[in-house]
Protein chains: 2
Amino acid sequence: MGRHARKVPPLGIVIDADAGGALHAQIGRQLRRAILERRLTPGARLPSSRLLAAELNCARGTVLAAIDQLIAEGYLVTRAASATFVAADLPDEMLVAPPVRRGPDAPRPPDPVLPRRARGLLAAPRPATTAGAPPTAFPIGEPDRAAFPFAHWARLLEREWRRPGWDVTTAAHPFGHPGLRQAIAAYLGAARGFSCEPADIVVTSGVRQGVSLFARVVLDPGDVAWIEEPGYPGVRSALTDAGVDAAPVPIDAAGFSPDAALAAAPEARLAVVAPSHQFPLGTVMSLQRRLALLSWAERAQGWIVEDDFDGEYRYFGRPLAPLRALDRTGRVAYLGSFSKLLFPTLRLSFLVLPASLVEAAELTLTAHMTPAPMLGQGALARFIADGELAAHLRRTRHLYAIRQQRLVAAAEQHLAGLLLAPPDPGGMHLVARPHPDLAPGFDDLAATAAAAAHGVRVSPLSALHVRAPKTHGLLLGYAATPEDEIEPAVIRLRRALAGL
Amino acid sequence: MGRHARKVPPLGIVIDADAGGALHAQIGRQLRRAILERRLTPGARLPSSRLLAAELNCARGTVLAAIDQLIAEGYLVTRAASATFVAADLPDEMLVAPPVRRGPDAPRPPDPVLPRRARGLLAAPRPATTAGAPPTAFPIGEPDRAAFPFAHWARLLEREWRRPGWDVTTAAHPFGHPGLRQAIAAYLGAARGFSCEPADIVVTSGVRQGVSLFARVVLDPGDVAWIEEPGYPGVRSALTDAGVDAAPVPIDAAGFSPDAALAAAPEARLAVVAPSHQFPLGTVMSLQRRLALLSWAERAQGWIVEDDFDGEYRYFGRPLAPLRALDRTGRVAYLGSFSKLLFPTLRLSFLVLPASLVEAAELTLTAHMTPAPMLGQGALARFIADGELAAHLRRTRHLYAIRQQRLVAAAEQHLAGLLLAPPDPGGMHLVARPHPDLAPGFDDLAATAAAAAHGVRVSPLSALHVRAPKTHGLLLGYAATPEDEIEPAVIRLRRALAGL
């Protein structure tokens, strides 16, 4: 309470001139509380504004403003010209309830009882995180920050928003910025070898939104979709959001197997797969299986979502053509994302629809989802169309290839007998599996916690499985890790694992 | 096909030098197609690269690059030093299927059979829209574009992204930008009279995400929530997303009625209400009902979401204190949005949680949703903290009050006997109801179509109901309509209605 505290004893109003906020609002709050706490009883007559002002040592206008507010809110009523009363018809339950107490010494209300769904999340084991400064080794899904031209990006944003059109600020197409959709179509033609119309492209706020949108268009609630096991958890939660049951299909050395999928859940109508570079294992789906999956979709009137989330990073060998390029009957939707290429909090991804589904997708998006925000869509369109994206990818591809080599070499040298981390022709992380001697007892959650205690962030492979048996292993992201920090972090990781 | 078209007859490869894209990619695509269409049969030997290059009149390296690609993809295999064969193990189904045909004269595949959910959306009646140039009279939910300082906003964006921190580009808190959460907390204290901690605030990509997040935290699938009837459709779809059943409760002159709600669905555990200014009717929930609703939440361990989506626009009278300001036991979440205040495609809203739910909400958001993108969050924080938002609201409040007066006056003058559009103390639109003589036969969907044909966009009230009986009426947004366009548009609307 400040130096200027004043008090009207009968009502318990205390004015704190140092408290900030308008004085009349402060008086109004306290009058309201006096009514709710029954210090001013229903039907009681309020002291005159003149008297209140004198006692509170403030202007009468201030008191009148507070009283007007409470009249507007229904706490007070005026009957005669100047007489004000507490409303007689306030519900009794509120009036006899214990008073509101605030301030640091007020007891916190007991924690509420939460439903099963929230209790489950609170009770689930959470991967350990490193305390203090954020570790640069080895987060997954993080690109190199220094490589991205933020100053240029900022200028593009400024240019985008200086004089934006009505179609950008207000009545945007739910599928996104026309320029960005055009730039994506051109980019896919050049970089992925398939042609599509800008009209088929939906800009989304993430891969999750793309999967959920597509599932809502082609499936009914209760229908079944195949997902990869292990896989990206967002795919499963996106399907669940759409009311669709996800049937996990184990990934083997040739990627997703249509035969295994049909054996596990023959009734499935949708396959969500990452054929180019599976997450998290990095396997490439064989041509035979690609053709078999396409053939299933044609035969069974099924649908395919092709998640090509990091097809941009490939360091040796050649990428296979996307399924979408082989799709003859319009059964394949293609998903890509810019968040891992530019920076994660960008949250701009896209979905290329089969042309026959555009209308249904537009109605579904409008009825059930929030379109992606427009901020940055115009800047990204320029960034792609001007060739900046291609240049950025060239720079980072070179950088990440070096970092992967360093990580492979450091792991061979320092983790021998503990972990095996073979090179991967693509991606932004390596999968390190326990050495056969360790494998039976290896617990990747315990290893993650031990690494965190040594300032190294790794991600447990078992957490990306839906069902048992869960393979244990550690994912080591290297894209955001400066070269000279790789070996020291691997040495710390060895110490952490040796202590298990 | 361009001037430079060349052909290798045996394989049907046609090179179009004007087609764009790398030449080797073009050759690769056509070789792949020849295999899939069985013009090159499994096991067949490919002509030598030298011969192919000669026939196609291109460099041998170009042909080799195309062949390498198809070897990598598994379509071709090499057996001897230089002999290349079509792979023998390609699935037969793909090879005998009809060939891919492209180009303008290719037959479009038949439209796929869609599931019930999508068919329902395609079959539902859609409100008519005006063709051609976007109408400035009378869209709802659109603020005035000219009033917003876009150039200043663009500079704030540039400043935000010139040298962004790691916590902004990469490992952002799922609840959003710390500066924005702080600015919102300060703004709510000053403008809404309740205090909250930045830690309790979640930046969301829309009111829908806020409702869905809260419902997932406090309810289980199959639980029931009360919604307002008529009301904002996004609330219902957000609850459905969370697996929650929405029970519509009719709004009367005193707003949402807890008694009516308990009679309709006594088992409900959550109420989603807009007590300050109901959408779309503009009613204010009475103090008695507010206190009764709070009392229900305390007694029944229920929850309240208070949607205060346009509490900023109030032209006469005084706003009531939000429910959140009266919440003694942490049962009220408060929702606000910036999209209607700044521009709709911003898509930044916020949810103020009860402190006891912060941890469960963070886990739920991370597991099931995509956090709001960071673009613009820092700029918005500066916009609020520098007092620009308050100044923008002062300007637009003045502007919208004048526009509402103009619309009321024009409606009184030109729509007498047709529609009644009484003034509203707040908001950005008026509700025009049919004159009693017209009411029984008035169809607001037909009226909307007729208005659209006259270049006036109105919104049908009946579309905002979940159940019959649906009240018919027209919503006329005035915030984005320049003053001198109001009367002419009302005159066009009269003509449209007279022709019904």
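Since we're looking at a predicted model, the values are computed, not measured.

**A short note on the packing of helix 1 (residues 23–36) of chain A against helix 3 (residues 60–73) of chain A**
Residue and element names in this part refer to chain A. In the contact formed by helix 1 and helix 3, the axes pass within 8 Å of each other and the chain directions differ by 50°. Our classification of the angle between helix 1 and helix 3 gives oblique. In this structure, helix 1 crosses over helix 3, and the sense of that crossing is right-handed. On the side of helix 1, the interface is formed by Leu23, His24, Ile27, Gly28, Leu31, Arg32 and Ile35, while helix 3 contributes Thr62, Val63, Ala65, Ala66, Ile67, Leu70 and Glu73. Taken together, the residues of the contact of helix 1 with helix 3 sort by class into nine nonpolar, three polar and two charged.

**A look at the environment of Leu393 of chain B**
Residue and element names in this part refer to chain B. Relative to the helices and strands, Leu393 resides in helix 16 (residues 388–414). Assessed through its relative accessible area of 3%, Leu393 is described here as buried. Excluding anything up to four places from it in sequence, Leu393 contacts Tyr187, Glu312, Tyr313 and Leu341.

**Some remarks on the pairing of strand 13 (residues 429–434) of chain A**
All names here are of chain A. Buried residues dominate strand 13, accounting for five of its six residues. Relative to strand 13, strand 12 (residues 419–420) runs antiparallel, the two sharing two bridges. When the sheet's bridge partners are listed, Leu420 is paired in strand 13 with Arg433. Bridge count for strand 13 against strand 15 (residues 474–477) is four bridges, and the pairing is antiparallel. Its bridge partner lying in strand 15, Val431 is registered against Leu475.

**Concerning the sheet that holds strand 9 (residues 303–307) of chain B**
Residue and element names in this part refer to chain B. Across the sheet, seven strands lie side by side as 5-11-10-9-8-6-7; this open sheet has mixed pairing. The sheet terminates laterally at strand 5 (201–204) and strand 7 (245–250), the two strands that pair on one side only. Here the strands of the sheet are splayed against their neighbours by 20° on average, with no regard to which way each runs. Sheet analysis places strand 6 (residues 224–229) next to strand 7, joined by six bridges and oriented parallel. Following the sheet pairing, Glu229 is matched in strand 7 by Pro250.

**A closer look at the interface of chain A and chain B**
Taken together, the 107 residues of chain A in the interface contact 107 residues of chain B. Summed over both sides, the interface of chain A with chain B buries roughly 9,500 Å², with 59% coming from carbon and sulfur. The three residues of chain A that bury the most area against chain B are Arg117, Arg318 and Arg328 of chain A, which together make up 9% of that side's buried surface. At the junction of chain A and chain B, the tally comes to four salt bridges. A salt bridge links Arg116 of chain B to Asp220 of chain A, with the shortest nitrogen-to-oxygen separation between them at 3.7 Å. Among the elements that make up the side of chain A that touches chain B, the one with the highest residue count is helix 6 (residues 150–162) of chain A (nine residues).

**Focus: the environment of Ile140 of chain A**
Residue and element names in this part refer to chain A. By the secondary structure assignment, Ile140 is in the loop between helix 5 (116–123) and helix 6. For the pair Ile140 and Ala321, spaced 181 residues apart in sequence, the C-alpha to C-alpha distance is 26 Å. The contacts of Ile140, once residues within four sequence positions are left out, are Phe279, His429, Ser459, Leu475, Leu476 and Gly477.

**What to know about the pattern of salt bridges**
Residue and element names in this part refer to chain A. The tally for this structure, following the rule as stated, stands at 22 salt bridges over all chains. Arg289 is the salt-bridge partner of Asp252, the closest N and O atoms lying 2.7 Å from each other. Linking Asp252 in the loop between strand 7 (245–250) and helix 11 (258–264) with Arg289 in helix 12 (residues 287–300), this pair joins segments that are 37 residues apart in sequence. Taking the relative accessible area as the measure of exposure, Arg289 reaches 18% and is therefore buried.

**Observations regarding the packing of helix 5 of chain A against helix 14 (residues 358–368) of chain B**
Contact pair helix 5 of chain A / helix 14 of chain B: the axes reach a minimum separation of 9 Å and the direction vectors enclose 90°. On the basis of the axis angle, helix 5 of chain A is roughly perpendicular to helix 14 of chain B. Between helix 5 of chain A and helix 14 of chain B, the residues in contact are Ala118, Leu121 and Leu122 of chain A and Glu359, Ala360, Leu363, Thr364, Ala367 and His368 of chain B, respectively. Taken together, the residues of the contact of helix 5 of chain A with helix 14 of chain B break down into six nonpolar, two polar and one charged.

**Remarks on helix 3 (residues 60–73) of chain B**
Under the 1.5 Å per step criterion, the end-to-end length of helix 3 of chain B is 20 Å for 14 residues, consistent within 8% with the ideal 20 Å. Turning to helix 3 of chain B, its buried residues number three or more, namely Thr62, Val63, Ala65, Ala66, Ile67, Gln69, Leu70 and Glu73 of chain B. Contacts made by the buried residues of helix 3 of chain B are with helix 12 of chain A together with helix 1 (23–36), helix 2 (49–56), strand 3 (76–78) and strand 4 (84–86) of chain B. Immediately beyond the C-terminal end of helix 3 of chain B, within one or two residues, lies Gly74 of chain B, with a positive phi of roughly 95°.

**Topic: the relation of the copies chain A and chain B**
When chain A is fitted to chain B, the best match, at an RMSD of 0.2 Å, comes from turning it 180° and sliding it 0.0 Å along the axis. This pairing of chains is accounted for by a two-fold axis. Across chain A, the smallest distance between a C-alpha and the rotation axis is recorded for Glu158 of chain A, namely 2.5 Å. With an isologous cut-off of 70% or more, the 100% of interface residues of chain A that recur at the interface of chain B puts this contact in the isologous class.

**Notes on unusual backbone geometry**
Residue and element names in this part refer to chain A. In this chain, Ala137 is followed by Phe138 through a cis amide linkage whose omega measures -5°. Positive phi values are uncommon outside glycine, yet Gln301 reaches one of about 55°. With relative accessibility at 38%, the residue Gln301 sits in the partly exposed group. Here Arg347, not a glycine, exhibits a phi torsion of approximately 50°, which is positive. Tracing the backbone shows Arg347 in the loop between strand 10 (332–337) and strand 11 (349–352). According to the relative accessible area criterion, Arg347 is buried, its value standing at 16%.

**Focus: empty space enclosed by the protein**
One water molecule sets the probe size; rolling that probe over the atoms shows where empty space is left. Within this structure, the stated rule accounts for six cavities of 30 Å³ or more. There is about 420 Å³ of room inside the largest cavity. What lines the largest cavity is a set of 25 residues, and nearest its centre among them are Gln209 and Asp241 of chain A together with Gln209, Asp241 and Met369 of chain B. Taken together, the elements giving at least two residues each to the lining of the largest cavity come down to helix 9 (207–218) and helix 10 (233–241) of chain A together with helix 9 (207–218) and helix 10 (233–241) of chain B. A breakdown of the residues in the lining of the largest cavity according to their chemical character gives nine nonpolar, ten polar and six charged.

**Overview of the sheet that holds strand 12 of chain A**
On the basis of which strands lie adjacent, the open sheet formed by four strands has the order 12-13-15-14 (chain A) and antiparallel pairing. Both edges of this open sheet fall to strand 12 and strand 14 (459–460) of chain A, since each of them pairs with a single strand only.

**Digging into the side chain of Arg216 of chain B**
When you line up the elements, Arg216 of chain B lands in helix 9. Classification of Arg216 of chain B by relative accessible area gives buried; the value is 4%. At 3.2 Å, the side chain of Arg216 of chain B and the backbone oxygen of Asp241 of chain B are in polar contact. Setting aside its immediate chain neighbours within four residues, Arg216 of chain B contacts Arg117 and Asp241 of chain A together with Asp241, Ala242, Thr364, His368 and Met369 of chain B.

**Let's talk about the confidence of the model for chain A**
Residue and element names in this part refer to chain A. Averaged over every residue, the pLDDT of chain A is 89; residues scoring 70 or more account for 91%. Low confidence marks residues 1–9, where pLDDT is under 50. Its contacts with residues over four positions away, or in another chain, come to 24 contacts. Below a pLDDT of 50 lies the segment residues 96–101, which in the model reaches ten contacts outside its immediate sequence neighbourhood of four places, other chains included. Taken over the whole predicted complex, pTM reads 0.86, whereas the ipTM for its chain interfaces reads 0.85.

**Observations concerning the packing of aromatic side chains**
Evaluated as defined, the whole model comprises 36 aromatic pairs over all chains. With a centroid separation of 6.2 Å and an interplanar angle of 90°, the aromatic rings of Trp153 of chain A and Phe383 of chain A are classed as edge-to-face. With a gap of 230 residues between them, Trp153 of chain A in helix 6 and Phe383 of chain A in helix 15 (residues 377–385) connect regions that are remote in the sequence. This pair shows no difference in class: Trp153 of chain A is buried, exactly as Phe383 of chain A is. The interplanar angle of 25° and the centroid separation of 6.2 Å between the aromatic rings of Trp161 of chain A and Phe150 of chain B together place this pair among those described as stacked. Taken together, the positions of Trp161 of chain A in helix 6 and Phe150 of chain B in helix 6 (residues 150–162) put the pair across two chains. Look at Trp161 of chain A and you get buried, because its relative accessible area is 0%.

Rules used in this analysis
Residues numbered from 1 in each chain as written. Chains lettered and ligands numbered in written order. Predicted model: local features only at pLDDT ≥ 70, side-chain atom pairs only at ≥ 80, totals over all residues. Heavy atoms only, no water. Axes fitted to C-alpha atoms, helices over the stretch in contact; angles between N-to-C directions. Helix = DSSP H or I, 4+ residues; strand = E, 2+ residues; numbered from the N terminus. Parallel < 35°, antiparallel > 145°, perpendicular 65-115°, else oblique. Left-handed = near helix turned anticlockwise from the far one by under 90°. Contact = heavy atoms within 4.5 Å. Nonpolar A, V, L, I, M, F, W, Y, C, P; charged D, E, K, R; others polar. Buried < 20%, exposed > 50% of the residue type's maximum accessible area, 1.4 Å probe, protein only. Pairing = 2+ DSSP bridges. Buried area = accessible area lost by both parts, 1.4 Å probe. Salt bridge = Lys/Arg side-chain N within 4 Å of Asp/Glu carboxyl O. Expected span 1.5 Å × (residues − 1). Least-squares fit on C-alpha atoms with pLDDT ≥ 70 in both. 1 Å grid on protein atoms, 1.4 Å probe; cavity = no way out; pocket = protein on both sides within 12 Å on 5 of 7 lines; lining within 4 Å. Points joined across faces, edges and corners; volume = space filled by probe spheres on them. Polar contact = N/O pair within 3.5 Å; in protein donor to acceptor, adjacent residues only side chain to side chain. pLDDT = per-residue confidence, 0-100. Phe/Tyr/Trp six-rings, centres within 6.5 Å; stacked < 30°, edge-to-face > 60°.

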